[in-house]
Amino acid sequence: MEAKSKVPYLREEIGKRKNQTGRSFDGGDGGGYDANMETRVMKLEEFVTDARDRLTRIETRLDQTATSAEMHREMTDQTWRLVTFVCGFGAALVTATYFMATQIK
């Protein structure tokens, strides 16, 4: 019995709090109009535009940066170039040393 008597009081308190926060809707007649809805939608549209611009800048940066697979491939290529150079230079030194040892007396 006591719970039924509190229902009108709770409805009244909820109505007061809705009006205090400024988020009151129309009377629930199905019209669906909210006085603050237009400003809220405009803020959301601004956010979407800003987010789209940020996303475009991020995608541009990502297109310009190398992926880890590209970095791995470039490091492997550079390593093999270095190994080839060192082996070739070592072979040239061995050949020069052999030539000097056999030809110069």
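Rules used throughout
Residues numbered from 1 in each chain as written. Predicted model: local features only at pLDDT ≥ 70, side-chain atom pairs only at ≥ 80, totals over all residues. Heavy atoms only, no water. Helix = DSSP H or I, 4+ residues; strand = E, 2+ residues; numbered from the N terminus. Buried < 20%, exposed > 50% of the residue type's maximum accessible area, 1.4 Å probe, protein only. Areas by Shrake-Rupley, 256 points an atom, 1.4 Å probe, with all protein chains shown as cover. Patch = residues over 30% accessible without salt bridge, like charges linked within 9 Å, V, L, I, M, F, W, Y side chains within 5 Å. Salt bridge = Lys/Arg side-chain N within 4 Å of Asp/Glu carboxyl O.

The next point concerns the overall build of the protein chain. A count of helices and strands for the protein chain gives three helices and zero strands. Order of helices (α) and strands (β) in the protein chain, N terminus to C terminus: α-α-α. Within the protein chain, buried positions represent 1% of all 105 residues. Approximately 10,200 Å² of the protein chain is accessible, and the part contributed by carbon and sulfur atoms is 61%.

Turning to a nonpolar patch on the surface, a few remarks are in order. Taken together, the side chains of Leu82, Phe85, Val86, Phe89 and Leu93 make up a nonpolar region of the molecular surface, amounting to roughly 530 Å² of accessible area. Structurally, the position occupied by Phe85 is in helix α3 (residues 68–103).

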